[in-house]
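Residues per chain, in single letters:
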Amino acid sequence: GNDLINPGAAAGEANTIDGGADVDSFVLTGDLGANVIVISGTSGTLAVSIDGAASTASTSNLETVSATGLDGNDTFTVSPLTDLAYALDGGAGADALNVDAGGGLVVQSSVTIAVAGSFPINHTAIETVTVTNTGFSLDDKSDRWSCGILGIEVFLLLGLAAVSHQQDLAGH
């Protein structure tokens, strides 16, 4: 059936998690204080840390990593995953989300960050979102696309595209 799987091994121990059939989530929950939650991984492996207590899991048949910060000013630091979607909830407090896009194309809305080749990072009740290491990004808060390659920026204005070339290192 649909499973919610909470990490149970002590910090530093390896886990093997098989969600089985249907829709399954790996669930992390902070406490009422300010939490630092770090999640990363590669296909079939998930590394998580809450306030420095780290754990690694071999995963299969999971669809979502869910993390809730509860109260406090929580910080989530995540890397896009190629086999799992994120569902992040900051809860109460002034919460922050940091995403390392790994040089990938990024499309961002007020509740979702999509990095090319990865599953979406969905978030709610997070006040500050920072995406770094983007190859190209577009967000819905402006009509501006930015590209970290060759210093080229593309601006969308009234449905027309204009290209602006930034000055290169030689001053040209």
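Basis of the calculations
Residues numbered from 1 in each chain as written. Predicted model: local features only at pLDDT ≥ 70, side-chain atom pairs only at ≥ 80, totals over all residues. Heavy atoms only, no water. Helix = DSSP H or I, 4+ residues; strand = E, 2+ residues; numbered from the N terminus. Buried < 20%, exposed > 50% of the residue type's maximum accessible area, 1.4 Å probe, protein only. Contact = heavy atoms within 4.5 Å. Areas by Shrake-Rupley, 256 points an atom, 1.4 Å probe, with all protein chains shown as cover. Core = buried A, V, L, I, M, F, W, Y, C linked by side-chain atoms within 4.5 Å.

K.L.:
Explain the overall build of the protein chain to me, please; I cannot follow it from the model alone.
P.N.:
Along its length, the protein chain carries 0 helices and 18 strands. Every one of the 172 residues in the protein chain was classed for burial, and the buried ones make up 31%. Residue pairs at least 24 apart in sequence account for 46% of intrachain contacts in the protein chain once pairs closer than 6 positions are excluded. For the protein chain, the exposed surface amounts to about 9,000 Å²; the carbon and sulfur share of it is 57%.

K.L.:
Sorry, what's going on with the environment of A47 here?
P.N.:
By the element assignment, A47 lies in strand β5 (residues 45–50). Between the C-alpha atom of A47 and that of A57, which follows or precedes it by 10 residues, the distance is 6.4 Å. The residues contacting A47, other than those within four sequence positions of it, are V38, I39, S40, G41, S55 and T56.

K.L.:
Teacher, can you tell me more about the nonpolar core here?
P.N.:
Generally speaking, nonpolar side chains in soluble globular proteins are found buried as a group. Counting residues in each nonpolar core, the largest one holds 25 residues, and the members touching the most others are I39, L46, V78, Y86, L88, L97 and I121. Of all the secondary structure elements, the ones that give two or more residues to this core are β3 (24–29), β4 (36–42), β5, β7 (64–68), β8 (75–78), β9 (85–89), β10 (96–100) and β12 (112–115). Among residues more than four places away in sequence, those in contact with I121 are V78, P80, Y86, L88, L97, V99, V111, T112 and I113.

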